[in-house]
Amino acid sequence: MSQTLSSIGLQPATNPHLLSWVQECAALTQPERIIWCDGSQEECEALYAAAVEQGVLIRLNQEKLPGCYYHRSHPSDVARVEQCTYICTSAEVDAGPTNNWADPGPMREKLLGLARGSMRGRILYVVPYLMGPPGSPLSRVGVEITDSLYVVLNMRIMARMGRVALEALGDSNDFNRGLHCLLNLDPANRFICHFPERNEVISVGSGYGGNALLGKKCFALRIASWLGRQEGWMAEHMLILGVESPDGEKTFVAAAFPSQCGKTNFAMMVPPARFAGWKVWTVGDDIAWMKPGPDGRLHAINPEAGYFGVAPGTNARTNPNAMRSIQRDTIFTNVALKPDGTVWWEGHDDPPPAECLDWKGQPWTPGSKEKAAHPNSRFTAPMRNNPMLAPEAEDPRGVPIDALIFGGRRPNTVPLVFQAFHWSHGVFLGATMGSETTAAAAGAVGQVRRDPMAMLPFCGYNMGRYFRHWLDMRKRMKYPPRIFHVNWFRRDGNGTFLWPGYGENMRVLRWIIDRCRGRAGACETALGWVPRWEDFDTAGLPDLTPARFEELQAMNPDEWRREILQQDELFMNIYQFLPKELIFQRELLVARL
Ligand code: OXD
Ligand code: MN
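Residues numbered from 1 in each chain as written. Chains lettered and ligands numbered in written order. Predicted model: local features only at pLDDT ≥ 70, side-chain atom pairs only at ≥ 80, totals over all residues. Heavy atoms only, no water.

**Things to note about the site of ligand 1**
Lining the immediate environment of ligand 1, one finds eight residues, of which Arg80, Lys217, His237, Ser259 and Arg378 sit closest. When ligand 1 sits alone it has 210 Å² of accessible area, and the protein chains cover 94% of it. Across the shell around ligand 1, the residue classes tally to two nonpolar, two polar and four charged. (Near = heavy atom within 4 Å. Areas by Shrake-Rupley, 256 points an atom, 1.4 Å probe, with all protein chains shown as cover. Nonpolar A, V, L, I, M, F, W, Y, C, P; charged D, E, K, R; others polar.)

What follows is the structure in C-alpha cells.
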C-alpha cells in the first residue's frame, strides 16, 4: 500500500445510516483498509500519486497538460452494457417492457455473493457526492463505495465530492447507496443493477464510465427518474444551455439527443461570426433535473460538475470550448498516447502522430488498420474549466427553461427543425424519437433505433408510465416550455450533409428562441410548425440555397409512411401502458399526412 495514501481521508462520518451501510459493505467485501474521501486537494494529490504508482493512470506531460492523466480500460470494458443492466423492482411491470428486469431478492443474493471478499487486500473508498448545486432543493446526495481508484478520481471531477456532500446529507437517511466492485472484469460477471425501491445501485465487473461512475447514468438518470415520478419532477438525458443576445436577454433551453449525437458540442457551442455579440453559456452537457418553480416555469439544474465527453471528433472547430476545458485537470480514457506524453484521437486538430501507442497500448502508425483511439474514448474534465460555464450552473434555483429540444441522428426523413403544436404533441415527438446507433453502447452501429427522449437506456421504470409522467407534468406548470425537434444529420441523394452543423446550429437556436418569445414566423405543416425561408437566418451560408433549404426541411410521404410503421414497433411493445393521448397523436399525424 502506498505511503501517500496512509495520511489521507476523513474520519468516518457520524451519520448512523451511512456508517452502518459502510460497515455492512466492508464486512461483505473485506477490504484491507477503508478511506473516506473528503474531496480535498491534498487527498486528490495522494490519490493521483497512488493511481500512477499502481499503474491505473499514466501521468501525462505536465508542462503541456497540467494535472492531466491517462487511463486504458480493459479492452472488453469500453462502453455501457445494456444487456447487463437491470431494473430490479418487486413487480416486473414496474420495470416495464423496455428494461431488463430481475427479481430483487435473488439478484441481490447473486450480487452480494460476487462481492463477498472481493476487496481482500484492497482499499475500499467511500465516496460521498452531491448531485447539484449546494443548497438547491433539487440536489441529492449519493455515496459510492468502490475499490477502483479510477472511479474515485473520475467521481471527483464529475460530482461535488467529499465534505460538501456529507454536510448536505447531515443525519438523513435519504441518499443513494451505490456499491461498485471491480471483481476481475470478467464480462460473464458484469451486472449493473438498480433497486429503485431502495434508492440503491450495485454494479460489479466493470470499471467503465457509465457502468461504474454510479452518480451519472445509474443515480442521476435511472434512479432519479423513478424518484422524480414519485415526487413530481423530471430527470432527463438533456443538456442545458443559455443563449445571451447582444442586448443581454438570456434564454435557457434543454435538449435531449441520444448518446454521441453531439450533446456536448451543442452545449458548448460557439456562435459563428454572423452572430457577433451573442453568447452561448453551458449549464450542463448530459443530464437535467427539472422541477416546476413557484413562478410556474420549469426550472433545471445540472446535477453533475464535469463532462464525460466523447474524444474522437472533438477539435477546435467542432468544440473549441471542450478543447479549452481539457487542457488541465482532465482524465483521458482509451485515447492514443503520444511519445511526448500528450494525447491524440481521430478528428483531433493535430495531424496523426508518426507513431504513438493506441488505446490498447500497442504501437500505432498512420498506416495501422485499427483506430488509434477507441471510438468511445473519453475525457473527464471539470466544468469549471469551461470558459463559457454559465454562472447560473451554481444557482440553487436552477434556470428557467423556455424550450425543450428533441433530436436524433437521421440521414433522411426528419427535417432540420420544427415545433410541436403543443405540449402533448411535443411529448409525442419525444416519445417517437429515433436515431442511428453509435459506439456509446456495445452493439451494432448505424441502425435506426427508437430512443424516446434519449431515455431508452436510462429510464428506471416502465416507459409507458414515463410518458404518462411527461404528459402529467403539463398540469404542474403555468408556463410550460415550447417543444421542438431537430436533426443536424440529414443528407442529400449523394450522401452529403445538407446542414453544416456545429456553430451554425446557432441559427436553429435563434429561431427556436424567437418562437418562444413570439418573434419568429413559421408555417403549419403535418409535422408541426416549420420555419419558412424568410423566417430563418441563412445569411452568410452561400451553399444553403432556397432549394437546398427546401430539401433540408422536406417531408417525403413515402419516408413518413415507413417512419410511422417503425414508430409503431415501440408503441406495440409498450401498448398496454401507452397513454391514450399518444395514440391519439399518432392518429392525428396519420390523418394530417
Ligand atoms: C454518455 C452516454 O456517456 O450517453 O453520456 O452514453
Ligand atoms: Mn449521455
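**Structural notes on the coordination of the manganese ion (ligand 2)**
Lys217 (NZ), His237 (NE2) and Asp286 (OD) make up the full set of protein donors to the manganese ion (ligand 2), lying at 2.1 to 2.2 Å. The sequence motif formed by the donor residues of the manganese ion (ligand 2) is K-x19-H-x48-D. In this pair, His237 sits in the loop between β12 (234-236) and β13 (239-244) while Asp286 sits in the loop between β15 (279-284) and β16 (288-292), placing the two residues 49 residues apart along the sequence. In this structure, His237 and Asp286 share a single accessibility class: buried. (Donors = N, O, S within 2.8 Å, 3.2 Å for Na, K, Ca; no water. Helix = DSSP H or I, 4+ residues; strand = E, 2+ residues; numbered from the N terminus. Buried < 20%, exposed > 50% of the residue type's maximum accessible area, 1.4 Å probe, protein only.)

**What about unusual backbone geometry?**
The phi angle at Leu183 is positive, at roughly 50 degrees, despite the residue not being glycine. The topology assignment puts Leu183 in the loop between β9 (176-181) and β10 (191-195). Despite not being glycine, Met453 shows a phi value in the positive range, around 50 degrees. Topologically, Met453 is positioned in the loop between β28 (448-450) and α12 (463-473).

**Observations regarding the pattern of salt bridges**
Enumeration according to the criterion identifies 41 salt bridges in this entry. Across the pair Arg80 and Glu82 runs a salt bridge, and its minimum N-O distance is 3.0 Å. Look at Arg80 and you get buried, because its relative accessible area is 7%. Its salt-bridge partner being Glu563, residue Arg450 comes within 3.0 Å of it at the nearest N-O pair. (Salt bridge = Lys/Arg side-chain N within 4 Å of Asp/Glu carboxyl O.)

**A closer look at helix α4 (residues 104-115)**
With 12 residues, α4 extends 16 Å from end C-alpha to end C-alpha; this agrees with the ideal 16 Å at 1.5 Å per step. Buried residues in α4 make contact with α1 (16-29), β4 (85-87), β9, β10 and β11 (200-204). (Expected span 1.5 Å × (residues − 1). Contact = heavy atoms within 4.5 Å.)

**As for the packing of helix α2 (residues 41-53) against helix α5 (residues 149-158)**
Where α2 meets α5, the closest approach of the two axes is 10 Å, and the angle between their N-to-C directions is 145 degrees. Both α2 and α5 take part in a crossing whose hand is left-handed. The segment α2 lies against α5, with Gln41, Cys44, Leu47, Tyr48, Ala50 and Ala51 engaging Leu149, Val152, Leu153, Arg156 and Ile157. Here the contact of α2 with α5 is composed, by residue class, of nine nonpolar, one polar and one charged. (Axes fitted to C-alpha atoms, helices over the stretch in contact; angles between N-to-C directions. Left-handed = near helix turned anticlockwise from the far one by under 90°.)

**A closer look at the domain arrangement of the chain**
As far as domains go, the chain holds domain 1 (3-57 + 80-231), domain 2 (236-305 + 390-592) and domain 3 (307-385). Look at where the C-alpha atoms of domain 1 and domain 2 centre, and you get two points 32 Å apart. Listed as interface residues are 38 residues of domain 1 and, on the opposing side, 36 residues of domain 2. Both faces considered, domain 1 and domain 2 share a buried interface measuring about 3200 Å² in area, 56% of it formed by carbon and sulfur atoms. It is Arg80, Leu138 and Arg229 in domain 1 that bury the most area against domain 2; as a group they hold 21% of the surface buried on that side. Our count for the domain 1 to domain 2 interface comes out at six salt bridges. (Domains from an automatic or database assignment. Buried area = accessible area lost by both parts, 1.4 Å probe.)

**With respect to the side chain of Asp535**
As for its placement among the helices and strands, Asp535 is situated in the loop between β31 (529-530) and α14 (546-553). For Asp535, the side chain forms a polar contact with the side chain of Arg532, separated by 2.7 Å. Asp535 has contacts with Trp511, Gly521 and Ala522, leaving out every residue within four places of it along the chain. (Polar contact = N/O pair within 3.5 Å; in protein donor to acceptor, adjacent residues only side chain to side chain.)

**Comments concerning the environment of Thr98**
Here Thr98 shows up in the loop between α3 (92-95) and β5 (100-101). Separated by 420 residues in sequence, Thr98 and Gly518 have C-alpha atoms that sit 38 Å apart.

**Examining the packing of aromatic side chains**
Summed over the entire model, instances satisfying the criterion amount to 24 aromatic pairs. Pairwise contacts between aromatic rings join Tyr129, Phe219, Trp233 and Trp289 into one cluster. A cation sits over an aromatic face here: Arg108 above Phe195, 5.9 Å from the ring centre. In this structure, Lys217 is placed above the aromatic ring of Phe458, and the distance from its NZ or CZ to the ring centre is 4.3 Å. (Phe/Tyr/Trp six-rings, centres within 6.5 Å; stacked < 30°, edge-to-face > 60°. Lys NZ or Arg CZ within 6 Å of the ring centre and 35° of its normal.)

**Considerations on the pairing of β15**
Of all six residues making up β15, five are buried, and the element is well covered by its neighbours. The pairing of β13 with β15 spans five bridges and is antiparallel. Of the residues in β15, the one forming a bridge with Glu244 is Lys279. (Pairing = 2+ DSSP bridges.)

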